[in-house]
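Single-letter residue listing:
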Amino acid sequence: MNIYNDYIKEIEERKAQGLHPKPIDGAELTSAIIAQIKDLENPYRKDSLNFFIYNTLPGTTSAAGVKAKFLKEIILGESVVEEITPAFAFEQLSHMKGGPSIEVLLDLLLGDDAAITEEAAKVLKTQVFLYDADTKRLEEAYKAGNPVVKEIIESYAKAEFFTKLPDIEEEIEIVTFIAGEGDISTDLLSPGADAHSRSDRELHGQCIFEHNKDMQNELLALKEKHPDKRVMLIAEKGTMGVGSSRMSGVNNVALWTGVQASPYVPYINIAPIIAGTNGISPIFLTTVGVTGGIGIDLKNWVKQKDAEGNVIVNADGEPVLEQVYSVETGTVLTINTKTKKLYKDGKELIDISASLTPQKVEFIKAGGSYAVVFGKKLQTFAAKVLGIEIPQVYATSKEISIEGQGLTAVEKIFNKNAVGTTPGKILHAGSDVRVEVNIVGSQDTTGLMTAQELEMMAATVISPIVDGAYQSGCHTASVWDNKSKANIPKLMKFMNDFGLITARDPKGEYHAMTDVIHKVLNDITVDDWAIIIGGDSHTRMSKGVAFGADSGTVALALATGEATMPIPQSVKVTFKGTMKEYMDFRDVVHATQSQMLSQFGGDNVFQGRIIEVHLGTLTADQAFTFTDWTAEMKAKASICISEDATLIESLEIAKERIQIMIDKGMDNKLEVLKGLIAIADKRIAEIKSGEKPALRPDANAKYYAEVVIDLDKIEEPMIADPDVNNADVSKRYTHDTIRPLSFYGGTKKVDLGFVGSCMVHKGDMKILAQMLKNIEAQQGKVEFKAPLVVAPPTYNIVDELKAEGDWEVLQKYSGFEFDDNDPKAAARTKYENMLYLERPGCNLCMGNQEKAEPGDTVMATSTRLFQGRVVKDSNEKKGESLLSSTPVVVLSTVLGRTPNLAEYQSAVVGINLTKFKPSSKLLVK
């Protein structure tokens, strides 16, 4: 009874926040509720019935196990509940998405009561979330001659769980809502500072539009005015969902504008409709598919052209845009899913076939991509048991094969890892492919949702075909507060039990490793032919091809070992010229984006495509600086082409770091880490023997575009500027404004510096130490005129710096050093003009714990410059996060302003910056 009273108390507390009762996921509370339902005189019986029916989470939650067992008792007549008839109990089971509910349904199916068996069979024919233990029971019963089971398996073979679903609406009436001008980051839809509440969907829903109540109320008023229409959220003159992958962003949009997935599952909505003038970010679009939503590339603004077809530009050299049609808030439009067009008042506006491909239509019909993935697996199982060819039910995967055309690097990787394709057929870009996944990563703020998704799809153990998977602790590394203490240990235990290597040991036997997830994934990727799926937009590896993904896609990869996507087009990037001695490789990264935009008239040819970057001579850590930034280039992913010797060196480094993890005691009973070292050894042997050299594209591969970066043109450090005061709102907070250091004239005030995040490596920390020594030698002392926050990305780096004497240098100049024995319990809100040595992890880059002071101008090595991410606006000034190399950041904090070129060159004299010399070898096959 105490646990129920605690729940009632929590409900009252939530009422004060305008919230409903939190969905129940625990067995103890569910058991207490059932006891009250059985007690006909219990004063809480009516409420308990409502909680049991409408507020208990499905899947493999412990609550679902208790609920399914009680529903079984009702169906068997062992318990009688007037309000829950056996028929209603079956209906409840049909909405519980696998796990305990399937076990109960199979028990009932294989029982002795023919009437119950028949009803159980009807429900089972509609279910898709079956796992090996479930299908094994069915196969054994089939082989034993059970006729009802034979019917079920025949139904599965025909995929009737899909074909008997209602067809999608031919016409969907929508009303527009402009969420903002310019690129809309997922921070607007699901702010990083609210990461702790993501698993509490109703609570998290209150943070949409960064808690802007006026916008929220405007959206509610629009829905009230158009109750018969769906709201389409729009990024006007921009791309929707840039930045992080965030399933929580889509969940929030669905909560406010979508439809309820099940009447018996609270706050899980699906089918949002979103759009952008420049479409949807590739990662975010995948997330939309998870929920059966629709993402539309509006193209409602186009570049004006003159009579000769040349783009017209304004005085600033920017293309002049012309509005083709209006989508201002409140505009009523119609999506026709048959003609695949968007209409206004019966007039066609644009073709939206790309939003309604056969596969995407299937996601919409099934209520999301999970049901389709599991449905296909179940159909395959059934056809195999029956000994028949798989009936063609689902849309045929598009297979594009062009005779005589070579393969890009990503095409080679997809062909190698593809499953279910036409045997012997070579596939090119545009083909729809199901691929096996080698490495999976889950980060700690989305991991809570990934765990929920795994429970919802009734998964209990990692797929055996995954080589390795890691659960990080980096996004909550800065502050070990009460929210983290409540959430993270539970997450680590769940993931450890599921089969992942975890940053924190649930038993507390090894030191917590808060290393940045991308760095760990970069180390445990030990095959250049690997496919990696990670729960973070910066899942970009320097080996293999990695895709940042939402928490649901990560869950699917963990549970099935597979992912499904079209083979993306590629853009080839090569280099010429010589890098100047005083430049850092980060400047090459920024110059790549700048020169690409210049070469293609402002069009971002990287967006939604693979950047195949021929770095050749850079080892994994340094190359990662480039591939990591490709998320900000809006690329779908990137691939590094390496020389054989460089790749071998990178794999040897990876082996050493994996061994450190093993020595710490982080390997699990499956010896995953030991297995990764074996894979690395095999790959090194293949390269050395010539049996299988480092991955290279074919010489006759076809690219969407080819970009040549001229290193000679990079004359000075480059800075990505959020351009917060641009008169054109759509130009603010993009990563496309790349400026030379001289633009600022050595006068722009800098309030805080940040060296950290996944964009830096050990070399950056050594540069920092060397710069401090340089400055002291030149000026007699080191005096900071702005705070400098330093967060090494990994503990390995800290250990190596200590061994090499550099950490001692950093300690000498620091005013704060992290202490793992006494981690910070509260986020810092004020900074002094000194050096802060923070715990390894994401720190300021994530923006969910630590932030700069409102209105600050921040100079950072990180990747995020979105509004409010690293720094919020103050009443007096817009906060801005400028992104640059480590030397520029350090010098800016010593000076309290941007340096001029002469000051910069003086400060880096004799320092070993991250150098890059293009490969002299032909990196094609």
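Throughout this document, residue positions are counted from 1 along each chain, in the order its sequence is written. Note on the predicted model: pLDDT of at least 70 is required for a residue's local features to be given, and 80 or more for side-chain atom pairs to be given and counted; whole-chain, interface and lining totals, by contrast, use all residues. As a rule here, side-chain values cover all heavy atoms of the structure and leave hydrogens and water aside.

A.B. asks: Explain the packing of helix H7 (residues 114-124) against helix H9 (residues 147-157) here, please?
C.D. replies: The description of two helices packed together rests on the angle between their axes and the distance between the axes. Simply put, an axis is a line fit to the C-alpha atoms, just over the touching stretch for a helix, and the angle between two N-to-C directions goes from 0 to 180 degrees. Only DSSP runs of H or I with at least four residues qualify as helices, and only runs of E with at least two residues qualify as strands; both kinds are numbered from the N terminus onward. Two numbers describe how H7 lies on H9: the axes approach to 10 Å, and their chain directions differ by 15°. Taken together, the axes of H7 and H9 lie roughly parallel to each other. Like other packed secondary-structure pairs, H7 and H9 cross with a definite hand, here right-handed. Where H7 approaches H9, its residues Thr-117, Ala-121 and Leu-124 are matched on the opposing element by Val-148, Ile-152 and Tyr-156. Split into classes, the residues belonging to the contact of H7 with H9 amount to five nonpolar, one polar and no charged. Angles below 35 degrees are treated as roughly parallel, those above 145 as roughly antiparallel, those between 65 and 115 as roughly perpendicular, and all remaining angles as oblique. Two helices cross in a left-handed way if the nearer one is turned anticlockwise from the farther one by less than a right angle. They cross in a right-handed way if the turn is clockwise. In what follows, residue pairs with any heavy atoms lying within 4.5 Å of each other are defined as contacts. By the convention adopted, Pro, Cys, Tyr, Trp, Phe, Met, Ile, Leu, Val and Ala count as nonpolar, Lys, Arg, Asp and Glu as charged, and the other residues, Gly among them, as polar.

A.B. asks: Please clarify how unusual backbone geometry should be interpreted in this entry.
C.D. replies: It is generally the case that most residues other than glycine have a negative phi and that most peptide bonds are trans. The phi torsion at Glu-210 lies on the positive side, around 55°, for a residue other than glycine. Here Glu-210 lies in the loop between helix H12 (201-205) and helix H13 (213-225). We classify Glu-210 as partly exposed; its relative accessible area is 34%. For Ser-757, which is not a glycine, the phi torsion comes out positive at approximately 80°. Only protein chains enter the accessibility calculation, which uses a 1.4 Å probe. A residue is then buried if its area is under 20% of the maximum for its type, exposed if over 50%, and partly exposed in between.

A.B. asks: It is not clear to me how the state of the cysteines should be interpreted in this structure. Could you clarify?
C.D. replies: One way to say it: the disulfide is the covalent bond shared by the sulfur atoms of two cysteines. In this description, the term disulfide denotes a pair of cysteine sulfurs within 2.5 Å. Here the structure, examined in full by the defined rule, presents zero disulfides. Cys-207 takes part in no disulfide bond, and the closest cysteine sulfur, belonging to Cys-842, lies 19 Å away. Left unpaired, Cys-758 is separated from the closest cysteine sulfur, that of Cys-845, by 5.7 Å. With relative accessibility at 4%, the residue Cys-758 sits in the buried group.

A.B. asks: I keep staring at the pairing of strand E1 (residues 171-181) and nothing clicks. Help me out?
C.D. replies: One face of the sheet, then the other: side chains in a regular strand alternate in exactly this way. In this structure, E1 lies alongside strand E11 (residues 332-336), joined through five bridges in antiparallel fashion. Paired with Ile-174 across the two strands is Leu-333, which belongs to E11. If DSSP finds at least two bridges between two strands, the strands pair. Relative to strand E3 (residues 230-236), E1 runs parallel, the two being bridged by seven bridges. Within the sheet, the bridge partner assigned to Glu-181 lies in E3 and is Glu-236.

A.B. asks: Would you mind showing me how to read the side chain of Thr-135 here?
C.D. replies: As for its placement among the helices and strands, Thr-135 is situated in helix H8 (residues 132-143). Dropping the residues within four chain positions of it, Thr-135 is found in contact with Leu-130, Leu-378 and Phe-381.

A.B. asks: I'm lost on the nonpolar core in this one. Help?
C.D. replies: Generally speaking, nonpolar side chains in soluble globular proteins are found buried as a group. In this structure, Tyr-470, Phe-575 and Leu-615 are the most contacted members of the largest nonpolar core, which totals 130 residues. Only buried Ala, Val, Leu, Ile, Met, Phe, Trp, Tyr and Cys residues count toward a nonpolar core, and they belong to the same one when joined by side-chain atoms within 4.5 Å. Listed in part, the 108 residues of the second largest apolar core include Ala-63, Val-104, Phe-498 and Ala-563.

A.B. asks: Quick question: what am I supposed to make of the sheet that holds strand E7 (residues 273-276) here?
C.D. replies: The strands making up a sheet associate through backbone hydrogen bonding, with each pair oriented either parallel or antiparallel. In space, the seven strands of this open sheet follow the order E8-E7-E3-E1-E11-E12-E13, with mixed pairing throughout. Across the chains shown, the open sheet's two edge strands, defined by having one partner strand only, are strand E8 (294-297) and strand E13 (347-351). Looking at each pair of strands side by side, their axes are set apart by 30° on average, direction ignored.

A.B. asks: Please clarify how the packing of aromatic side chains should be interpreted in this entry.
C.D. replies: What characterises a pair of aromatic rings is the spacing of the ring centres plus the angle enclosed by the ring planes. Each Phe, Tyr or Trp ring (for Trp, its six-membered ring) is paired with any other whose centre lies within 6.5 Å, and the angle between the two planes then decides the class: stacked below 30 degrees, edge-to-face above 60, tilted in between. Across all of its chains, the model carries 21 aromatic pairs by this definition. Ring plane angle 80° and centroid distance 5.5 Å describe the contact between Phe-52 and Phe-70, whose orientation is recorded as edge-to-face. Highlighted residues: Phe-52 in helix H3 (residues 45-54) and Phe-70 in helix H4 (residues 62-76), separated in sequence by 18 residues. Seen from their ring centres, Tyr-831 and Tyr-836 are 5.7 Å apart, and the 80° between their planes marks the pair as edge-to-face. By the burial criterion, Tyr-831 is buried, and Tyr-836 matches it. Grouping aromatic residues by their ring pairs yields a cluster made of Tyr-4, Tyr-7, Tyr-44 and Phe-51. For a ring to carry a charge above it, either NZ of a lysine or CZ of an arginine must fall within 6 Å of the ring centroid while also lying within 35 degrees of the normal to the ring plane. A cation sits over an aromatic face here: Arg-609 above Tyr-704, 3.4 Å from the ring centre. Seen from the ring of Trp-529, Lys-692 lies directly overhead, with NZ or CZ sitting 4.7 Å from the centre.

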